[in-house]
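Coordinate inspection notes
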Amino acid sequence: MQTDDPGYWIVPSVLSGDECDALIRAIGGFTRSRAGARHLMRFTEIAGVAKDDRLIQIAAGRLGGTAIPFRATLFDKSLAANWLVPWHQDTALPLVARHRLSGWGPWAVKDGILYAHAPAWALQRVAALRLHLDESGEENGPLRVVPYSHRFGVLADNDVEERIRPLQPMTCPVPRGGVLAMSPLLVHASSKALDNRSRRVLHIEYADSLDLGGGICLALA
């Protein structure tokens, strides 16, 4: 992990154009909504790229050692499927079983997978890699982040805007085949796309272990 860690970094050239094309063909056959698909680790093509040494090394650099992929989500933004994402953190994790330990919840079930909002100590053991299958530029809804905001810990939804107000957000353009690595605690958002170029992003999450201790185990999703 970087000593002066802003909570994210960009690796511009990870997958080739041909590899991006192969993934785009694969996801074209998945059952999905207009905006994308979730719980993709069950698919061989997605599990394969999630375990690719190039991505593992990036995630391990974020986590400081071991990196095990456990969840994959496709975001497919265009004028045909366009949405605004307000400032937020990603605090829900998929779990094997429900427990009563402090700091977890509320709980929910999404497509048969059990989820709970997690405390900061668990989220600090997770890294997200956003693999860009298309170029993400100023006009097609790129991610915006607030550097160093992951240091705030878990924020209540109604506290996010106030905490980041004095800070300077950054827009994160990423070339095709590039990766944006980030902490799930980093406050981030994205605008609606302004042009009709697709912005397909494979969002893969890694942990230093699927067993978080105390009987808490991450589920593959």
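Let me begin by describing the structure that accompanies this report. (Residues numbered from 1 in each chain as written. Predicted model: local features only at pLDDT ≥ 70, side-chain atom pairs only at ≥ 80, totals over all residues. Heavy atoms only, no water.)

The number of helices and strands found in the protein chain is five helices and 15 strands. Taken against the 2.2 N^0.38 rule, which gives 17 Å for 221 residues, the C-alpha radius of gyration of the protein chain at 17 Å falls within 12% of a compact globule. In terms of overall dimensions, the protein chain has a C-alpha envelope of 45 × 45 × 35 Å along the principal axes. Buried positions account for 52% of the 221 residues belonging to the protein chain. Within the protein chain, counting contacts between residues at least 6 apart in sequence, those at least 24 apart form 82% of the total. Counting only carbon and sulfur atoms, one obtains 52% of the accessible surface of the protein chain, whose full area is about 10300 Å². Of the side-chain charges in the protein chain, 24 are positive and 23 negative, and the distance between the mean point of each set is 5 Å. (Helix = DSSP H or I, 4+ residues; strand = E, 2+ residues; numbered from the N terminus. Rg over C-alpha atoms; globule rule 2.2 N^0.38 Å. Buried < 20%, exposed > 50% of the residue type's maximum accessible area, 1.4 Å probe, protein only. Contact = heavy atoms within 4.5 Å. Areas by Shrake-Rupley, 256 points an atom, 1.4 Å probe, with all protein chains shown as cover. Lys, Arg positive; Asp, Glu negative; His and termini not counted. Charge placed at Lys NZ, Arg CZ, Asp CG, Glu CD.)

The four strands lie next to each other as β4-β12-β9-β10, forming an open sheet whose pairing is antiparallel. Unpaired on one side and paired on the other, β4 (85-88) and β10 (170-172) mark the two borders of the sheet. Ignoring strand direction, the axes of neighbouring strands in this sheet form an average angle of 25°. Inspection of the sheet shows β4 paired to strand β12 (residues 188-190) by two bridges, in the antiparallel sense. By the bridge assignment, His88 is partnered in β12 with His188. (Pairing = 2+ DSSP bridges. Axes fitted to C-alpha atoms, helices over the stretch in contact; angles between N-to-C directions.)

Another aspect to go through is the nonpolar core. Membership of the largest hydrophobic core comes to 33 residues, with the highest contact counts inside it found for Leu131 and Tyr206. Residue assignment for this core shows that the elements contributing at least two residues are α1 (17-27), α2 (44-50), α3 (53-63), β3 (68-77), β8 (126-132), β11 (179-182) and β13 (199-207). Per element, the largest residue contribution to this core is six residues, and it comes from α3. Beyond its immediate chain neighbours, meaning those up to four positions away, Leu131 contacts Leu15, Leu23, Val49, Leu55, Gly177, Gly178, Val179, Arg200, Val201 and Leu202. (Core = buried A, V, L, I, M, F, W, Y, C linked by side-chain atoms within 4.5 Å.)

Okay, the pattern of salt bridges next. Following the criterion strictly, the structure yields nine salt bridges and no others. Across the salt bridge formed by Asp21 and Arg176, the nearest N and O atoms sit 2.3 Å from each other. Placement of Asp21 in helix α1 and of Arg176 in the loop between β10 and β11 is noted, with a sequence separation of 155 residues between them. Taking the relative accessible area as the measure of exposure, Arg176 reaches 34% and is therefore partly exposed. Across the salt bridge formed by Asp208 and Arg125, the nearest N and O atoms sit 2.9 Å from each other. Here Asp208, found in the loop between β13 and β14 (211-213), pairs with Arg125, found in the loop between α4 (120-123) and β8; they are 83 residues apart in sequence, far enough to count as distant. Residue classification places Arg125 among the partly exposed residues on the basis of a relative accessible area of 22%. Residues participating in the shared-partner salt-bridge network are Glu19, Asp52 and Arg54. (Salt bridge = Lys/Arg side-chain N within 4 Å of Asp/Glu carboxyl O.)

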